[in-house]
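An overview of the molecular structure
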Amino acid sequence: MSAKTVVIEARDVSLRVGEKKILERINLEIRRNEIFGIMGPAGSGKTSFLKLVNHTFRAAGMALEGALYVLGEDVLGEDVNPTPLRRKVSMVFATPVVLPMSIFENLVYGLKIQGIRDKHTLREAAERGLKAAILWEEVRDRLHKPAQKLSGGQQQRLCIARAMALSPEILLLDEPTSGLDPISTFRIEEALKELKRHHAIVLVSNNTKQIARVSDRCAFFLMGELIETGKTAQVFTVPKEKKTDDYIAGRFG
Ligand SMILES: Nc1ncnc2c1ncn2[C@@H]1O[C@H](COP(=O)(O)OP(=O)(O)O)[C@@H](O)[C@H]1O
Ligand SMILES: [Mg+2]
């Protein structure tokens, strides 16, 4: 895959559950080697969009329209096999989900589920993940200690490391620093800037300053609608829409 390849393309994606419209004709493109920010107040459909991308949105009475291409495949199709997709697309959530086992076992958990047992392969993947999440130096001497002893910020970087150990092409992050202090937040933002050299990163945040700091291009979601998308520098300096201007100025949300 060359640089600037489009890896996620939404064409008129709408999602409704029962009578409730969750996403309304979303059109956007996300490319490799960029951090694509998605911002918007709570309830805007940001998480729902990510869950469509990694094929985990499930609800009774849901209706989908449009096309959502992830690495070339329309994931809204009925006959999509989600297993290969989930290997290429990893998601990290707001609250770190650290399993009650060692740091090392957390890192290789997903690989073991895939049936990989070779010690050398597992060790290499764990190290690669930790380096990608800029956590290696901090934990290399205690890989077999319980992961739950790590600080909150380290636990979140461990979740990123675990996602990266699976060598995904796309990393989705849903408000990954919402519970973290500024230093931990800074470390994660630095890790993301490194990761975009080889991956596509989608960063959902309701912190507009974070979107401005780290994303290359971004989108503003409001009540299920995509109000505006473009280069981050442009969206934050000369937004096309008044609603975007109001949101980034903190006038609502
Ligand atoms: N599984 C579901 N079934 C019904 N409604 C849902 C479901 N998931 C989310 N919603 C609704 O969709 C809207 C958007 O939610 P969400 O995508 O979580 O927004 P955000 O991440 O921007 O806060 C909310 O009104 C939420 O209640
Ligand atoms: Mg959300």
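Use the structure listed above.
Residues numbered from 1 in each chain as written. Chains lettered and ligands numbered in written order. Predicted model: local features only at pLDDT ≥ 70, side-chain atom pairs only at ≥ 80, totals over all residues.

Looking at the pairing of strand β9 (residues 217–222)
Across the six residues that make up β9, a large majority, five, are buried. For strand β3 (residues 35–39) and β9, the ladder comprises four bridges, and the chain directions are parallel. In the strand pairing of β9, Gly37 is matched with Cys218. In terms of strand pairing, β9 meets strand β10 (residues 225–231) through six bridges, oriented antiparallel. Counted as the bridge partner of Leu222 is Glu225 from β10. In this structure, the hairpin formed by β9 and β10 is closed by a connection of two residues, where Met223 is found at a positive phi of approximately 45°. (Buried ≥ 20, exposed ≤ 12 C-beta atoms within 10 Å, placed from the backbone. Helix = DSSP H or I, 4+ residues; strand = E, 2+ residues; numbered from the N terminus. Pairing = 2+ DSSP bridges.)

Section: the site of ligand 1
Taken together, Val17, Lys20, Ile22, Gly40, Ala42, Gly43, Ser44, Gly45, Lys46, Thr47, Ser48 and Ala59 make up the full set of residues near ligand 1. Elements with a contribution of two residues or more to the shell around ligand 1: β2 (20–31) and α1 (46–53). If you tally residues by element for the shell around ligand 1, the top one is α1, at three residues. Residue composition of the shell around ligand 1, grouped by class: four nonpolar, six polar and two charged. (Near = placed C-beta within 6 Å. Nonpolar A, V, L, I, M, F, W, Y, C, P; charged D, E, K, R; others polar.)

Here's the deal with unusual backbone geometry
In this structure, Arg25 takes a positive phi of about 45° despite not being glycine. Structurally, Arg25 is set in strand β2.

Points about the packing of helix α4 (residues 119–132) against helix α6 (residues 152–165)
One can describe the packing of α4 onto α6 by two numbers: an axis separation of 7 Å at closest approach and a directional angle of 130°. Here α6 runs oblique to α4, going by the angle between their axes. Like other packed secondary-structure pairs, α4 and α6 cross with a definite hand, here right-handed. Together, Ala125, Ala126, Arg128, Gly129, Leu130 and Ala132 of α4 and Ala161, Arg162, Met164 and Ala165 of α6 make up the contact between the two elements. Taken together, the residues of the contact of α4 with α6 break down into seven nonpolar, one polar and two charged. (Axes fitted to C-alpha atoms, helices over the stretch in contact; angles between N-to-C directions. Parallel < 35°, antiparallel > 145°, perpendicular 65-115°, else oblique. Left-handed = near helix turned anticlockwise from the far one by under 90°. Contact = placed C-beta atoms within 7 Å.)

Honestly, it's all geometry; don't read function into it.
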